[in-house]
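# A closer look at the structure
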Amino acid sequence: MAYKYFETAGHAAIYSRFRPTTPDILVKRIVSYVNEKIPNPLKLAVDIGCGSGQSTEALGPYFENVLGFDPNKTAVDEATKKYHSKNVKYSVGNAEKINCTDNSVQLVTAGQACHWFNLPVFFEDVKRVLVAGGTLALYGYQLPRPKHLKTSKDLSSIVDQLYGETFGEYALQESRECYLGRYTAEKYQIPFASSSILRDESVVVEQKGTIADLVGYISSWSAYQNYVKQHGKEKASKILSEFENELMDAVGEKSKPEETEILVSFHYFLLLGRKNSQ
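Note that the coordinates shown come from a computational prediction; the quantities given were computed from them, not determined experimentally. (Residues numbered from 1 in each chain as written. Predicted model: local features only at pLDDT ≥ 70, side-chain atom pairs only at ≥ 80, totals over all residues. Heavy atoms only, no water.)

## Comments concerning the pairing of strand β5 (residues 130-141)
Both faces of the sheet carry side chains from a regular strand, because those side chains alternate between them. Of all 12 residues that make up β5, 11 are buried, and the element is covered over most of its length. Assessed by its sense of winding, the connection that carries the chain from strand β4 (residues 105-111) through helix α5 (residues 119-129) to β5 is right-handed. (Buried < 20%, exposed > 50% of the residue type's maximum accessible area, 1.4 Å probe, protein only. Helix = DSSP H or I, 4+ residues; strand = E, 2+ residues; numbered from the N terminus. Right-handed = clockwise from strand over helix to strand, strands pointing away.)

## Concerning the side chain of Glu-57
Tracing the chain through its elements places Glu-57 in helix α3 (residues 54-57). Buried within the structure, Glu-57 lacks any salt-bridge partner; its nearest side chain of opposite charge belongs to Lys-82, at an N-O separation of 9.6 Å. A distance of 2.7 Å separates a polar atom in the side chain of Glu-57 from a polar atom in the side chain of Tyr-90. When neighbours within four sequence positions are excluded, Glu-57 is seen to be in contact with Tyr-83, Ser-85, Val-88 and Tyr-90. (Lys, Arg positive; Asp, Glu negative; His and termini not counted. Salt bridge = Lys/Arg side-chain N within 4 Å of Asp/Glu carboxyl O. Polar contact = N/O pair within 3.5 Å; in protein donor to acceptor, adjacent residues only side chain to side chain. Contact = heavy atoms within 4.5 Å.)

## Considerations on the UniProt feature "domain: Methyltransferase type" (unreviewed entry) in the protein
In the numbering adopted here, UniProt assigns the feature "domain: Methyltransferase type" (unreviewed entry) to residues 46-137. End C-alpha atoms of residues 46-137 are separated by 10 Å, and the span's content is 27% helix alongside 34% strand. (UniProt positions renumbered as here; feature names shortened; annotations may be inferred.)

## Let's talk about the environment of Glu-206
Counting through the fold element by element, Glu-206 comes out in strand β8 (residues 204-210). For Glu-206, a relative accessible area of 49% translates into the label partly exposed. Residues within four places of Glu-206 in sequence aside, it is in contact with Leu-263, Val-264 and Ser-265. Here the side chain of Glu-206 touches Ser-265 through a polar contact of 3.5 Å, side chain to side chain.

## Concerning the nonpolar core
Grouped together as the largest cluster of nonpolar side chains are 58 residues, with contacts concentrated most on Ile-30, Leu-107, Phe-167, Tyr-217, Ile-218, Trp-221 and Phe-243. Among the elements that line this core, the one with the most residues is helix α10 (residues 233-251), at 7 residues. Counting 29 residues, the second-largest nonpolar core is a separate cluster that includes Ile-98, Ala-113, Phe-122 and Ala-193. (Core = buried A, V, L, I, M, F, W, Y, C linked by side-chain atoms within 4.5 Å.)

## Let's talk about the pattern of salt bridges
Within the structure shown, the criterion is met by 13 salt bridges. Residues Lys-81 and Glu-78 are paired through a salt bridge, measuring 3.5 Å at the closest nitrogen-oxygen approach. Linking Lys-81 with Glu-78, this pair stays in helix α4 (residues 73-82), spanning 3 residues, or about one helical turn. Since its relative accessible area comes to 12%, Glu-78 is described here as buried.

## Details of helix α8 (residues 211-218)
Buried residues dominate α8, accounting for 6 of its 8 residues. Within α8, the full set of buried residues consists of Ile-211, Leu-214, Val-215, Gly-216, Tyr-217 and Ile-218.

## Some details on the confidence of the model for the protein
Reading fine detail from the predicted coordinates is not recommended where pLDDT is low. Scored by pLDDT, the protein has a mean of 93; 93% of the residues are at 70 or more. This stretch, residues 1-6, has a pLDDT under 50; its non-local contacts, to residues over four places away or in other chains, come to 33 contacts. (pLDDT = per-residue confidence, 0-100.)

## Comments concerning the packing of helix α6 (residues 156-166) against α10
The contact between α6 and α10 brings their axes to 11 Å, and the two run at 155 degrees. Between α6 and α10, the angle is such that the two are roughly antiparallel. Crossing handedness for the pair α6 and α10: right-handed. Each of Ile-158, Val-159, Gln-161, Leu-162 and Thr-166 in α6 lies in contact with α10, whose residues at this interface are Ile-239, Phe-243, Glu-246, Leu-247 and Ala-250. Residue classes in the contact of α6 with α10 are distributed as 7 nonpolar, 2 polar and 1 charged. (Axes fitted to C-alpha atoms, helices over the stretch in contact; angles between N-to-C directions. Parallel < 35°, antiparallel > 145°, perpendicular 65-115°, else oblique. Left-handed = near helix turned anticlockwise from the far one by under 90°. Nonpolar A, V, L, I, M, F, W, Y, C, P; charged D, E, K, R; others polar.)

## Description of the environment of Gln-161
Considering the arrangement of structural elements, one finds Gln-161 in helix α6. Distance in space between the C-alpha atoms of Gln-161 and Gln-106 is 41 Å, their sequence separation being 55 residues. Not counting the four nearest positions on each side in its chain, Gln-161 is found in contact with Thr-166 and Glu-246.

In C-alpha cells, the structure reads:
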C-alpha cells in the first residue's frame, strides 16, 4: 500500500468506534453479483485494507470463510479484539501481495481503502487469486451529510469547509479521489473485467449520532491525522473544538455536543468487475 492508514493503536480505536459499518444492502448487492456466475455456497472472500474489521465482518454471513488483511498490526489487533466470528480471520498483509493461492478466492473487496493501493500491482494480484468468474468489489462513501435531528438543519457545508479549506492542503490526493472523486478516475477501472464494469451509487445509509460523534469521526480522517503529524495534537484538537462550536452555534442548542442529536447520511459508490470465466 502507498499509505499506511493506521499508525497507532489510538487511531485504530478511533476508526473502529466512529467509522460506519458496511451496510448489509451494499453487501447483498455485491453477493448477488457474485452469484450471477458462482452459486451458493460461497467458499472464500478476502477483504483488503480491512482496518478495524467493519467491512470484513459484513461478509461473514455470506461466505464459509472470510480473510481480512491490513498492513498495520494495530488495525488487525483492533479487529481481532472487537470481533469473534468463527469464520472470519484477520492477518497483517498488503494489497500488492495477497496471501492466498492462485484461483482460490470468489470475492475480493476493498472498502474505503483502494485509493491507498498501488493499483496496477493490486489488480494483477487480484486477478491471480480470483477463481474464474470471481468478483472484485471496490467501494467507498463520500463526505458525511449531517443534519440536526430536531430541526433538519443541513450541516453539510460546515463539514465541506473543514475538509476543503481548513484541512485542504493536508488532504492527500488519494483521499480526495475517494471522498470527492468517487473512484471515477481512469485508474480505478478494473482492467481484467470480462465485461463492462458495473457502477452503483444507489446506496445511502442514515445513522443517528451526536455532534460529538461527528467530531470523533472527523478525527479519523487522514487529513486530520496528517495535520497532527505536522503541527501537533494541541493545535489539531483546537481546530476540532472550533468545528464543534460552529456546529453547536448552527443548530442553536443549549445542550452539550454529546447530547445534541444529528442524522448523518453516507452516500456509497460501488464498482464491480468480474474475472473472465473461461
